[in-house]
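Each chain is listed here by its residues.
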Amino acid sequence: MGNGNSGALSESNARGGDAPARLGAGLSASAEQLRFVGVGVAAGLLVALAAYGFNRAQMVAAVPAWVPFVAGLLGGAYVHVLSRDLGESVRAFLVAFVFSTALYVVAALAPLWLLSYDPVARDLLIQSILREEVARLVFASLVPQLFVGYLSAVVVDGTFRP
């Protein structure tokens, strides 16, 4: 039978004797957050650069137009491939979508501040560039590349995973 110390042992565990286990759980939760944010930022960077290169074919004239588009598709697929499960994949996809969209818009607007434009001309150009770039972003490059690449990877993984 028991010697009377089993109640003291369970009371010790209830008061914090399992603190190292809770600390490990806290570290793993932050490591998982860092992991999906890292995957999302890396894939978002790849997709934003690919979309920008696809929309600015004159800037990369030596490269065929399909190469940046395929790179963007692969960036979307990498989001799912580099994630551990579907939940992490969805979170990483959302990070990639937000990061790539912001990076693309910043890259499109950066010349307005890097070059010496008159403030009035800059204000007019910002509106014009935003209209054009948002249309390109949604219909031509970033969003289709990211979504098609990601959803293709999810479908292939769901089809062939046992």
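Keep in mind it's a predicted model, so treat the numbers as computed, not measured.

Definitions and cut-offs
Residues numbered from 1 in each chain as written. Predicted model: local features only at pLDDT ≥ 70, side-chain atom pairs only at ≥ 80, totals over all residues. Heavy atoms only, no water. Helix = DSSP H or I, 4+ residues; strand = E, 2+ residues; numbered from the N terminus. Buried < 20%, exposed > 50% of the residue type's maximum accessible area, 1.4 Å probe, protein only. Polar contact = N/O pair within 3.5 Å; in protein donor to acceptor, adjacent residues only side chain to side chain. Contact = heavy atoms within 4.5 Å. Salt bridge = Lys/Arg side-chain N within 4 Å of Asp/Glu carboxyl O. Core = buried A, V, L, I, M, F, W, Y, C linked by side-chain atoms within 4.5 Å. Phe/Tyr/Trp six-rings, centres within 6.5 Å; stacked < 30°, edge-to-face > 60°. Lys NZ or Arg CZ within 6 Å of the ring centre and 35° of its normal.

## Observations regarding the side chain of Asn55
Secondary-structure assignment places Asn55 in helix 2 (residues 19-55). Overall, the relative accessible area of 13% leaves Asn55 in the buried class. One polar contact links Asn55 to Tyr104, side chain to side chain, over a distance of 2.5 Å. Residues within four places of Asn55 in sequence aside, it is in contact with Tyr104, Arg136, Ala140 and Ser141.

## Re the pattern of salt bridges
Pairing between side chains becomes possible if they bear opposite charge and their charged atoms approach one another. Within this structure, the stated rule accounts for 2 salt bridges. Across the salt bridge formed by Arg35 and Glu88, the nearest N and O atoms sit 2.9 Å from each other. Taken as a pair, Arg35 in helix 2 and Glu88 in helix 4 (residues 86-114) lie far apart in primary sequence, 53 residues in all. Exposure remark for Glu88: the relative accessible area of 2% places this residue in the buried category. With its nearest N and O atoms 3.3 Å apart, the salt bridge here joins Asp157 to Arg161.

## Overview of the nonpolar core
Judged by nonpolar contacts, the single largest core of 22 residues is most densely connected at Val79, Tyr104 and Leu142. Residue assignment for this core shows that the elements contributing at least two residues are helix 2, helix 4, helix 5 (119-140) and helix 6 (142-160). Each residue touching Val79, except ones within four places of it in the same chain, is listed here: Val39, Ala43, Ser89, Ala92, Phe93, Ala96 and Tyr150.

## Re the packing of aromatic side chains
Any aromatic ring pair is given by two values, namely how distant the centres are and how the planes are angled relative to each other. A full pass over the atoms with the stated rule returns 5 aromatic pairs. Seen in terms of ring centroids, Phe97 and Phe147 are 5.9 Å apart; in terms of plane orientation they differ by 65 degrees. Their pairing is edge-to-face. Here Phe97 is found in helix 4, whereas its partner Phe147 is found in helix 6, with 50 residues between them in sequence. Here Phe147 falls in the partly exposed class, since its relative accessible area comes to 31%. The ring of Phe36 has Arg91 sitting right over it, with the charged end atom 5.1 Å from the ring centre.

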